[in-house]
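Okay, here's what each chain looks like letter by letter:
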Amino acid sequence: ERIEAAKRIKLVRHTPAEIDEWNARLNAIYDPNALKPKRALKPDERAFITNETLLSVCDFRYWASNFCWFIRDPVSGGGLGRLEMWASQEIILTHIANLEEQMADAVKRGEPVDGILLALHKARQLGATLLMRAITVHRITTCSHIRALAGSIDDEKVLKLYERDKRIIDNLPWWLAPSRHSDDMYDEKAAHVIFRKLDSSLLYQELVQRTGIGLGEQYDLGHLTEVASVDIGTSLQHDFFPTIPQAARVFHALETTAQGR
């Protein structure tokens, strides 16, 4: 309501089919070599892009259901598809929403907050990793001045996180992506992704590296997988936890299966 009042517009939630129609129209006027439209945008085209951009910034679920693409499991038909929340993902997302509301109330009362901190002690094949990657990519592509960290037990699993992120980023529509110009987006495989215009970045690290996790920086977002496989006392409590700032914009998730007792 505040956005609508400030922009003097009425935001409209479009269906995936409607967005596909608009995307086809906008792709037809886009020059992929010049990385810009071939002509000036018409008023209704500008209005649609503004609508989708504003909704994507303030509504993760809308962004995820329309613009987050991933490779589906064979039991779901396989191929590239939009994120459709499983029941397990809904449980996690509902918990996150409750934490966010509690934190917002605390901020209004002037109380200090830790941000949203999750310990995802999970079974396998629940879609938790995909949901955390979607949340991370959503934040770094829609908000400015974000520092994000992704980590896992070894280089192979770090690469898997990077590949998921890149798939989401590469499938964003040209009119919603922060930038694909080499001067604005710096991308090094399984190392980092930087959006210079937003001044937002995502760093990838192995949890077993000798230099420690996340040293020398504070991170608004963090997602670490397979954490039961590392020395939590040293790698996380000593090196990583002190890099997490106490702030309302913070979101960090530790994810793991039990790995035995």
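Before reading further, recall that the structure is shown in the block above.
None of the values given here were measured: they were computed from a predicted structure.

Caption draft 1: Region of the structure containing the overall build of the protein chain. Scanning the protein chain from terminus to terminus reveals eight helices and 11 strands. Relative to the 2.2 N^0.38 estimate, which gives 18 Å for 261 residues, the radius of gyration of the protein chain is 19 Å and therefore close to what a compact globule would have. Reported as C-alpha extents along the three principal axes, the dimensions of the protein chain are approximately 60 × 45 × 40 Å. When each of the 261 residues of the protein chain is scored for burial, the buried share is 45%. A separation threshold of at least 6 residues defines the contact pool for the protein chain, and within that pool the share at least 24 residues apart is 68%. Carbon and sulfur atoms make up 51% of the accessible area of the protein chain, which totals about 14,200 Å².

Caption draft 2: Up close: the pattern of salt bridges. A complete count under the given rule lists 15 salt bridges for this structure. Each of the salt bridges in this network shares a partner with another, and the network as a whole consists of Arg 25, Arg 39, Asp 44 and Glu 45.

Caption draft 3: Highlighting helix α6 (residues 128–142). With 15 residues, α6 should reach 21 Å at 1.5 Å per residue; the first-to-last C-alpha distance of 21 Å fits that figure. For α6, a buried count of 15 out of 15 residues is recorded, marking the element as mostly surrounded by other parts of the structure.

Caption draft 4: View of the pairing of strand β8 (residues 192–195). Burial along β8 is one-sided: the residues Val 193 and Phe 195 are buried and none of His 192 and Ile 194 is. Between strand β7 (residues 185–188) and β8, which pair antiparallel one after the other, the connecting turn spans three residues, and Ala 190 there sits at a positive phi close to 55°. Bridge count between β8 and strand β9 (residues 200–206): four bridges; the pairing is antiparallel. Each bridged residue has a counterpart across the sheet, and for Phe 195 the counterpart in β9 is Ser 200.

Caption draft 5: Up close: unusual backbone geometry. Residue Gln 125 is not a glycine yet carries a positive backbone phi of 60°. Phi at His 145 takes a positive value of approximately 55°, unusual for a residue other than glycine.

Caption draft 6: How the structure looks around the side chain of Ser 88. Note that Ser 88 resides in helix α5 (residues 87–108). Residue classification places Ser 88 among the buried residues on the basis of a relative accessible area of 18%. Reaching out from Ser 88, the side chain makes a polar contact with the backbone oxygen of Leu 126 at a distance of 2.6 Å.

Caption draft 7: Quick look at the nonpolar core. Trp 63, Met 132 and Phe 251 are the most contacted members of the largest nonpolar core, which totals 56 residues. A total of eight residues in this core trace back to one element, the largest contributor, which is α6. Formed by 13 residues, the second largest nonpolar core is a distinct cluster that contains Leu 207, Val 230, Phe 240 and Val 250.

Caption draft 8: Expanded view of the packing of helix α3 (residues 43–58) against helix α4 (residues 60–67). The interhelical angle for the contact between α3 and α4, taken along N-to-C directions, is 120°, at an axis separation of 5 Å. One element, α3, and the other, α4, form an angle in the oblique class. For the pair α3 and α4, contact is made by Glu 52, Leu 55, Ser 56 and Cys 58 and by Phe 60, Tyr 62, Trp 63 and Phe 67, respectively. Its residues placed into classes, the contact of α3 with α4 shows six nonpolar, one polar and one charged.

Caption draft 9: Expanded view of the environment of Thr 53. Here Thr 53 is to be found in helix α3. Judged by its relative accessible area of 30%, Thr 53 is partly exposed. Taking the C-alpha atoms as reference points, Thr 53 and Lys 157, 104 residues apart in sequence, are found 32 Å from one another. Not counting residues within four places of it along the chain, the set of residues in contact with Thr 53 comprises Trp 175 and Leu 176.

Caption draft 10: Up close: the layout of surface pockets. Approximately 820 Å³ is the volume attributed to the largest pocket. Forming the walls of the largest pocket are 29 residues, and the residues nearest its centre are Lys 122, Gln 125, Thr 129, Leu 130 and Arg 164. Put simply, the parts of the chain that give the lining of the largest pocket at least two residues each are β3 (69–71), α6, α7 (155–170) and β11 (251–256). For the lining of the largest pocket, the leading source of residues is α7, giving seven residues. By volume, the second largest pocket is sized at about 690 Å³. Lining the second largest pocket are 21 residues, and of these Cys 58, Phe 60, Glu 100, Ile 116 and Arg 139 sit closest to its centre.

The rules behind the values
Residues numbered from 1 in each chain as written. Predicted model: local features only at pLDDT ≥ 70, side-chain atom pairs only at ≥ 80, totals over all residues. Heavy atoms only, no water. Helix = DSSP H or I, 4+ residues; strand = E, 2+ residues; numbered from the N terminus. Rg over C-alpha atoms; globule rule 2.2 N^0.38 Å. Buried < 20%, exposed > 50% of the residue type's maximum accessible area, 1.4 Å probe, protein only. Contact = heavy atoms within 4.5 Å. Areas by Shrake-Rupley, 256 points an atom, 1.4 Å probe, with all protein chains shown as cover. Salt bridge = Lys/Arg side-chain N within 4 Å of Asp/Glu carboxyl O. Expected span 1.5 Å × (residues − 1). Pairing = 2+ DSSP bridges. Polar contact = N/O pair within 3.5 Å; in protein donor to acceptor, adjacent residues only side chain to side chain. Core = buried A, V, L, I, M, F, W, Y, C linked by side-chain atoms within 4.5 Å. Axes fitted to C-alpha atoms, helices over the stretch in contact; angles between N-to-C directions. Parallel < 35°, antiparallel > 145°, perpendicular 65-115°, else oblique. Nonpolar A, V, L, I, M, F, W, Y, C, P; charged D, E, K, R; others polar. 1 Å grid on protein atoms, 1.4 Å probe; cavity = no way out; pocket = protein on both sides within 12 Å on 5 of 7 lines; lining within 4 Å. Points joined across faces, edges and corners; volume = space filled by probe spheres on them.

What is shown is where atoms sit, not what they do.
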